[in-house]
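# Per-entry structural report
Each chain, letter by letter, is given below.
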Amino acid sequence: MKSTATRIETFKESIFATMSKLALENKAINLSQGFPDFEGPEWIRKIAAEKIMHGSNQYAPYPGSVNLRQNLQTLYKKNYHLDYDWNSEISISVGATEAIYSIITAVVNPGDEVVVFEPFYDSYQASIIMAGGTIKPVTLKAPDFHFDENELKKAISSKTKMIIVNTPHNPTGKMFSKKELEIVAQLAIENDLYVLSDEVYEYLTFDDHKHIPIATLPQMKERTFTVSSAGKTLGLTGWKIGWVCTSATLSTKFRMVRQFTSFSVATPFQEAVAEAMNSFDTYIPEFQKQYKEKRDYFYAGLIELGFKPNKPEGTYFIMCPIENKTSKNDVDYAMELIVDKKVAAIPPSVFYAVSDEGKKYLRFCFAKKHSTLSDALTNLKSL
Ligand code: PMP
Ligand code: GLN
């Protein structure tokens, strides 16, 4: 048979799928792939069941459910003073993943370059490659995962089309400060670049850390694609309801890609997410409290075991240095933990294109029941 498309030749199974599979095979506690091991809120699941039983079962409009887009308009205004018109500037997607793919497909031409901070979420690179573009990584430097402004400047060339920002950041738990976002914004404006801002953990923030969408900075709204998703916020990652807010002109381009990939997104789940958003005033503080308890518990547990983990400002991940525990790299140490200690974590070197930094860490996901985290700590104790 003739060969298949060369553009996907370098693609491998994602580290999330691989580690979850290995966890299952080795009967290990799975702190690798980012998803809760407990059900999302029953009251939200009940709404979805109602929607399925009572008529929200045909195609939604391809830009997304009107109720959901109208509620997103209200939320962006209330949370961030960002004015997006639900009809022309907000679109729904199959999770943030499809949004990322569609934005990159809509913007990047073969030969274009996209600046990405590493470690990065794996779908960015894959989507850039599928569009024929090239990734230009800028390394976030441990231990606080800051970036060097000069390195960012150097990464930008006449071929650069877009910068991708992810805050709160997977896998480091870092939240970009206003100062850092201002540097990115200034360079985006000076060089006439688009910005894709992945904010799927926007509500998963701790202590006094406040999420800042880069679109709130002067002159940034019109060049930014603000991406988010209900998966983390509702603890329902399998529903895959994501969205994109951007100018009407860019929304039209984005929608043209989605029109011919998924066309529209599961109607009852869009309607259920829309209705759940009516209760965010009470839901979000409870959600944050629940995850803060998990973060504090697991973070303290790792310290007690002699690790020196980074305290995440946001997300449900902890980046944990391993150098004081082993001479192995992240992949070998992750294998040792799965096989011998029955705990699965993500080796983060896969999230880096140039730096070796990732080999010195493991990423643990603490979106797990208290008993799961406690069992994992007990298993790790024998290290
Ligand atoms: N971006 C980041 C940074 C993520 O961690 C994830 C994974 N959940 C996604 C995007 C994809 O989100 P979704 O499940 O909504 O497609
Ligand atoms: N975002 C999740 C993580 O970082 C994984 C999502 C996926 O498996 N595609 O673990």
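Right above here is the structure, for reference.
As a starting point, this report considers the structure included with it. All figures in this text were calculated on a predicted structure; none of them were measured in a lab.

Right, let's get into the overall build of the protein. When helices and strands are tallied, the protein shows 14 helices and eleven strands. The dimensions of the protein, computed from C-alpha atoms along their principal axes, are 55 × 55 × 55 Å. The 383 residues of the protein split such that 55% are buried. Taking contacts inside the protein between residues at least 6 apart in sequence as the whole, the part at least 24 apart equals 75%. Taken as a whole, the protein presents about 16700 Å² of accessible surface, with 51% of it coming from carbon and sulfur. Of the side-chain charges in the protein, 44 are positive and 45 negative, and the distance between the mean point of each set is 2 Å.

Moving on to the pattern of salt bridges. Overall, the coordinates contain 21 salt bridges when judged by the stated rule. The partner of Glu-42 in a salt bridge is Lys-46, with the nearest N and O atoms 3.2 Å apart. Of this pair, Glu-42 and Lys-46 both sit in helix H2 (residues 42-53), separated by four residues, roughly a single helical turn. Across the salt bridge formed by Lys-328 and Glu-336, the nearest N and O atoms sit 2.7 Å from each other. In the salt-bridge network here, residues are joined through shared partners; they are Asp-207, Lys-292, Arg-295 and Asp-296.

Lining the immediate environment of ligand 2, one finds Phe-16, Gln-33, Gly-34, Tyr-121, Asn-170, Tyr-201, Lys-232, Phe-317 and Arg-363. A distance of 2.7 Å separates an oxygen atom of ligand 2 from a polar atom in the side chain of Gln-33. In the model, an oxygen atom of ligand 2 is placed 2.6 Å from a nitrogen or oxygen of the Gly-34 main chain. Protein burial of ligand 2: of its 300 Å² of free accessible surface, 79% is covered by the chains. Tallied by class, residues from the shell around ligand 2 come to four nonpolar, three polar and two charged.

Strand order in the open sheet formed by seven strands is E2-E8-E7-E6-E5-E3-E4, and the pairing between neighbours is mixed. The open sheet has two edge strands, strand E2 (90-94) and strand E4 (134-139), and neither has a second partner. Direction aside, neighbouring strands of the sheet carry axes that sit 25 degrees apart on average. Pairing between E2 and strand E8 (residues 241-245): five bridges, direction antiparallel. Across the sheet, Ile-92 pairs through a bridge with Trp-243, a residue of E8. Strands in contact with helix H10 (residues 248-259) are E2, strand E6 (194-198), strand E7 (224-229) and E8; relative to E2, the strand with the most contacts, it is inclined by about 25 degrees.

The subject of this paragraph is a nonpolar patch on the surface. A contiguous nonpolar surface patch, about 220 Å² in accessible area, is contributed by Ile-8, Phe-11 and Met-130. Inspection of the secondary structure puts Phe-11 in the segment before helix H1 (15-25). Since its relative accessible area comes to 30%, Phe-11 is described here as partly exposed.

Positionally, Ser-93 belongs in strand E2. Within polar-contact distance, the side chain of Ser-93 engages the backbone oxygen of Gly-95 at 2.8 Å. Aside from chain neighbours lying at most four places away, what touches Ser-93 is Glu-98, Ala-99, Lys-240, Ile-241, Gly-242, Trp-243, Phe-254, Arg-258 and Val-265.

Before going further, it helps to spend a moment on the site of ligand 1. The environment of ligand 1 is made up of 13 residues, and the closest members are Thr-97, Asp-198, Tyr-201, Lys-232 and Lys-240. Between an oxygen atom of ligand 1 and a side-chain N or O atom of Lys-240, the distance comes to 2.7 Å. Here ligand 1, which alone exposes 390 Å², has 93% of that area covered by the protein. Of the residues forming the shell around ligand 1, the biggest block, three residues, is contributed by helix H5 (residues 95-107). When its residues are assigned to classes, the shell around ligand 1 shows five nonpolar, five polar and three charged.

Calculation criteria
Residues numbered from 1 in each chain as written. Chains lettered and ligands numbered in written order. Predicted model: local features only at pLDDT ≥ 70, side-chain atom pairs only at ≥ 80, totals over all residues. Heavy atoms only, no water. Helix = DSSP H or I, 4+ residues; strand = E, 2+ residues; numbered from the N terminus. Buried < 20%, exposed > 50% of the residue type's maximum accessible area, 1.4 Å probe, protein only. Contact = heavy atoms within 4.5 Å. Areas by Shrake-Rupley, 256 points an atom, 1.4 Å probe, with all protein chains shown as cover. Lys, Arg positive; Asp, Glu negative; His and termini not counted. Charge placed at Lys NZ, Arg CZ, Asp CG, Glu CD. Salt bridge = Lys/Arg side-chain N within 4 Å of Asp/Glu carboxyl O. Near = heavy atom within 4 Å. Polar contact = N/O pair within 3.5 Å; in protein donor to acceptor, adjacent residues only side chain to side chain. Nonpolar A, V, L, I, M, F, W, Y, C, P; charged D, E, K, R; others polar. Pairing = 2+ DSSP bridges. Axes fitted to C-alpha atoms, helices over the stretch in contact; angles between N-to-C directions. Patch = residues over 30% accessible without salt bridge, like charges linked within 9 Å, V, L, I, M, F, W, Y side chains within 5 Å.

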